[in-house]
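# Summary of structural features
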Amino acid sequence: MSISALLSMGRCCCRRCWPRGLWMLSAPCCDDRRMCVCPGPRRIGIPVRSSSLPLFSDAMPAPTQLFFPLIRNCELSRIYGTACYCHHKHLCCSSPYIPQSRLRYTPHPAYATFCRPKENWWQYTQGRRYASTPQKFYLTPPQVNSILKANEYSFKVPEFDGKNVSSVLGFDSNQLPANAPIEDRRSAATCLQTRGMLLGVFDGHAGCACSQAVSERLFYYIAVSLLPHETLLEIENAVESGRALLPILQWHKHPNDYFSKEASKLYFNSLRTYWQELIDLNTGESADIDVKEALINAFKRLDNDISLEAQVGDPNSFLNYLVLRVAFSGATACVAHVDGVDLHVANTGDSRAMLGVQEEDGSWSAVTLSNDHNAQNERELERLKLEHPKNEAKSVVKQDRLLGLLMPFRAFGDVKFKWSIDLQKRVIESGPDQLNDNEYTKFIPPNYYTPPYLTAEPEVTYHRLRPQDKFLVLATDGLWETMHRQDVVRIVGEYLTGMHHQQPIAVGGYKVTLGQMHGLLTERRAKMSSVFEDQNAATHLIRHAVGNNEFGTVDHERLSKMLSLPEELARMYRDDITIIVVQFNSHVIGAYQNQE
């Protein structure tokens, strides 16, 4: 059967049903027909989280075999992108192959109306012919490395007079996108007017606007919160007199880390208002600054400014739309502040901070420095229920999501879960036309009675560094969904120390013949010489996160398949991954302890 015939029999055009309408000619199109504009047929979902990818299986039904050459040749994105478009991609009917736990927003029947068939899509697909013979395509090792290393960045703290006075030796960071565009962001900077270094990862949802804004602005708010009264006065006087300002942060950025120049003046004015209030509140009598309090105040103030800027608007139509996009999208944040032996981690959402500790016998153990703010955290569930009336106890969290929609229970932005209904309607009605065309902004969450339901206030954890604390891993949930924390720490620890402790090969219940076991041992021996080929610890960790097989080793074939997935399919298998690995200087940390 030709691909044209399949298209004619399965005409589902929404993102949820498009693959199902193409691949099998049986069963109704949707579980809920109200969510689909097409009565076409569907196929039952392919399992997603499998140790071996089902993309090129010879056991698939014939229509599936015909369709998968398109995936391998990246034609799916061209057909899909031309035949269907979505007003708000992140809220469109989601694919049934994506586990609901992987989505920030759960699908809602109202979202189905966002999808509209593009004009002349049938004629477009008719004009193409595709071979029905499956063709295997794998990326070569150099191509895999090129993809993995595209966003890697490394920074080494400079030495002074031959002695490194910082407890941080340096850091490695990297990102691997699954969404297009990637919704994760990262930031790293050295505080110039105070001691310490700031590092953070930011996981956006409902678009990347909020995570982008938070990655640009949050560190300035933290740095200002940590400045003494005299320095704040000096900065304010410089602004009033038109003199050059004292530099506050030294940023450590990859060339791909974008900063918004268009909104810089708006962001500066909001930050200036914040430090003016700090000057008025602080008379300079107390010289001691509580880092924990400063982190909490910075998070809350930035989220408040994001909300206020969206309510006030801007005469510039571009900036007005920008601030509204930032406010209506959302982002989680996990930030570390390292000052000598004092390590503070401020977390809002479900990204994580993990400390790598080397025991006396050389083994590695993981110490968690953050808590996930989601339904798996009993304390978070209890907090939410206590903040709202008892008659909302069953509706405030449904299906492990806030109001049945949002997975993280703390986040920046997401004013749909913070503003009153009247305020939302007023802002949308007075907003630009692009906002009025966005159906998501008009949608009110169900059981929305006593907002706000969401907060950006972080949970701050303090840890005093010890010589055995070797590194810190900050990562978005895309990493923790694929790897256990102990495996993460072991892989990074072995990479940084250059020692690879041979672990017994675990077959995990698989029936392995003697010949297969011999092959596994031979393969591992061959890879030993190149196991540390990566020059970046975050890259090395991503390689394992994406390419690990059921035996715990990196499988190049699997890695190649995962990295060659087109944009529309990549998100079905994993999330965006952003990692920062901070390496500590044990000698400096030990010297701090000896001084005390």
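Above this text sits the structure in question.
Figured I'd write up the structure that's included with this text. It should be emphasised that the depicted structure is a prediction, and the values quoted were computed from it without experimental measurement.

## With respect to the packing of aromatic side chains
Here the structure, examined in full by the defined rule, presents 12 aromatic pairs. Linked through ring pairs, F202, F219, Y220, W251 and F259 together constitute an aromatic cluster.

## Some thoughts on the nonpolar core
One recurring pattern in soluble globular proteins: nonpolar side chains tend to sit buried together. Formed by 56 residues in total, the largest nonpolar core has its most connected members in L218, F219, I222, L249 and F412. Tallying contributions element by element places helix α7 (residues 209–226) first for this core, with 11 residues. Excluding residues that lie within four positions of it along the chain, L249 makes contacts with A189, T190, C191, L192, L198, F219, Y220 and A223. Listed in part, the 36 residues of the second largest apolar core include L139, L148, V473 and W480.

## A few points about α7
Here α7 is 18 residues long and its end C-alpha atoms lie 27 Å apart, about the 26 Å a rise of 1.5 Å per residue gives. R217 marks where α7 bends most, by close to 35°.

## Some thoughts on the sheet that holds strand β16 (residues 469–475)
Taken in spatial order, the 6 strands line up as β3-β4-β17-β16-β10-β11 in an open sheet, and their pairing is antiparallel. The open sheet has two free edges, formed respectively by β3 (153–156) and β11 (364–368), since each of these has just one partner strand. Geometrically, the sheet is characterised by an average inter-axis angle of 20° between neighbouring strands, direction not taken into account. Across the sheet, helix α17 (residues 485–497) touches β10 (352–358), β11, β16 and β17 (577–584), and the angle it forms with β11 is around 125°.

## Here we look at the pattern of salt bridges
Within this structure, the stated rule accounts for 18 salt bridges. Note that E387 is salt-bridged to R383, the shortest N-O span being 3.1 Å. By relative accessible area, R383 is classed as buried at 17%. Here R490 ties to D487 by a salt bridge, and the two come within 3.8 Å at their closest N and O atoms. Note that R490 and D487 are positioned in helix α17 at a spacing of 3 residues, about one turn of the helix. With relative accessibility at 34%, the residue D487 sits in the partly exposed group. Via salt bridges that share partners, E380, R383, E387 and R410 belong to a single interconnected network.

## Focus: the pairing of β17
The element β17 is largely enclosed, with a buried count of 7 among its 8 residues. Here 8 bridges tie strand β4 (residues 168–176) to β17, and the two strands are oriented antiparallel to one another. Considered in β17, the bridge of Q175 is made with T578. Taken together, the 5 bridges between β16 and β17 define a ladder with antiparallel strand orientation.

## What about the packing of α7 against helix α9 (residues 264–281)?
Closest axis-to-axis distance for the α7/α9 pair is 10 Å, and the angle between their directions is 20°. Classified by the interaxial angle, the pair formed by α7 and α9 is roughly parallel. In this structure, α7 meets α9 at a crossing whose hand is right-handed. Between α7 and α9, the residues in contact are A213, E216, R217, Y220, Y221, V224 and S225 and Y267, S270, L271, Y274, W275 and L278, respectively. Its residues assigned to classes, the contact of α7 with α9 comprises 9 nonpolar, 2 polar and 2 charged.

## Things to note about helix α6 (residues 141–148)
Buried within α6 we find V144, N145 and L148. What you see down the axis of α6 is that its buried residues fit within an arc of 100°, all on one side. Here the buried face of α6 lies against β4, α19 (537–547) and α20 (556–563).

## Remarks on the pairing of strand β8 (residues 330–339)
A large share of β8 lies buried, amounting to 10 of its 10 residues. Residues G330, T332, C334, A336 and V338 of β8 are buried on one face, and the alternating residues A331, A333, V335, H337 and D339, pointing to the opposite face, are buried as well. As paired elements, strand β6 (residues 197–205) and β8 share 9 bridges and run antiparallel to each other. Opposite G204, over in β8, you have A331 as the bridge partner. Bridging between β8 and strand β14 (residues 412–413) involves 2 bridges; their strand directions are antiparallel. When the bridges of β14 are listed, G330 appears paired with G413. Both β8 and strand β9 (residues 342–348) contribute to a ladder of 7 bridges, which runs antiparallel. Paired with V335 across the bridge in β9 is A346. Here β8 folds back onto β9, and the loop between the two strands holds 2 residues, one of which, G340, carries a positive phi near 65°.

## Focus on the environment of A545
Relative to the helices and strands, A545 resides in helix α19. Here the alpha-carbon distance between A545 and E481, two residues 64 residues apart in the chain, equals 9.2 Å. Sequence-distant contacts of A545, defined by excluding residues within four places in its chain, comprise L479, T482, M483 and I577.

## Here's the deal with unusual backbone geometry
Between A180 and the following residue, P181, the backbone shows a cis peptide bond with an omega angle of 0°. Within the element layout of this structure, P181 appears in the loop between β4 and β5 (184–191). Across the junction of P451 and P452, the peptide omega takes the value 5°, indicating a cis bond. By secondary structure assignment, the location of P452 is in the loop between α15 (439–442) and β15 (459–464). Although it is not a glycine, D400 adopts a positive phi angle of roughly 65°. With respect to the element layout, D400 can be found in the loop between β12 (397–398) and β13 (401–402). Of note, the phi angle at D414 is positive, near 50°, even though the residue is not glycine.

## So, the packing of helix α8 (residues 229–241) against α9
When two helices pack together, their arrangement is captured by the angle between the axes and the distance separating the axes. Where α8 contacts α9, the axes come no closer than 10 Å and their chain directions differ by 135°. Taken as axis vectors, α8 and α9 run oblique relative to one another. Between α8 and α9 lies a crossing of left-handed hand. Contacts between α8 and α9 involve H229, L232, L233, I235, E236, V239 and E240 on the former and, on the latter, F268, R272, W275, Q276, L278 and I279.

## A few points about the side chain of D576
Position of D576 relative to the elements: it lies in the loop between α21 (567–573) and β17. Of the polar contacts made by the side chain of D576, one reaches the backbone nitrogen of A178; its length is 2.5 Å. There is a polar contact of 2.8 Å between the side chain of D576 and the backbone nitrogen of N179. Leaving out residues up to four positions away in the same chain, D576 has contacts with L176, P177, A178, N179, I182, E183, D184, T476 and G478.

Quick notes on the rules
Residue numbers restart at each chain and count upward from 1, following the sequence in its written direction. For this predicted model, a pLDDT threshold of at least 70 governs which residues receive local features, and a threshold of 80 or more governs which side-chain atom pairs are given and counted, while totals over whole chains, interfaces and linings are taken from all residues. For side-chain calculations, the full set of non-hydrogen atoms in the structure is used, while hydrogens and water are omitted. Side-chain rings of Phe, Tyr and Trp, where Trp is taken by its six-membered ring, are said to pair if the distance between their centres is within 6.5 Å; with planes under 30 degrees apart they count as stacked, over 60 as edge-to-face, and otherwise as tilted. Here, the term nonpolar core denotes a set of buried Ala, Val, Leu, Ile, Met, Phe, Trp, Tyr and Cys residues that are joined through side-chain atoms within 4.5 Å. Exposure categories follow from relative accessible area, calculated using a 1.4 Å probe and restricted to protein chains: below 20% of the type maximum is buried, above 50% is exposed, and the middle band is partly exposed. Every helix listed is a DSSP run of H or I at least four residues long, and every strand listed is a run of E at least two residues long, numbered separately from the N terminus. Any two residues whose heavy atoms approach within 4.5 Å at even a single point are treated as in contact. Expected helix span is taken as 1.5 Å per residue step, with the number of steps being one fewer than the number of residues. We define the bend at each residue as the angle formed by axes fitted to the 7 residues ending at it and the 7 residues starting at it. Any two strands with at least two DSSP bridges between them are considered paired. Orientation is described by lines fitted to C-alpha atoms, with helices fitted over the stretch in contact, and by angles between N-to-C directions that extend from 0 to 180 degrees. Salt bridge, as used here: a side-chain nitrogen of Lys or Arg that lies within 4 Å of a carboxyl oxygen of Asp or Glu. In this scheme, roughly parallel covers angles under 35 degrees and roughly antiparallel covers those over 145, while 65 to 115 is roughly perpendicular and the rest are oblique. Crossing handedness follows the turn of the near helix against the far one: under a right angle anticlockwise gives a left-handed crossing, and clockwise gives a right-handed one. Residues are grouped as follows: nonpolar covers Ala, Val, Leu, Ile, Met, Phe, Trp, Tyr, Cys and Pro; charged covers Asp, Glu, Lys and Arg; every other residue, Gly included, is treated as polar. This arc describes the spread of directions from the helix axis toward the C-beta atoms. Here a polar contact is taken to be a pair of N or O atoms separated by no more than 3.5 Å, where protein atoms must pair a possible hydrogen donor with a possible acceptor and residues adjacent in sequence count only if both atoms sit in side chains.

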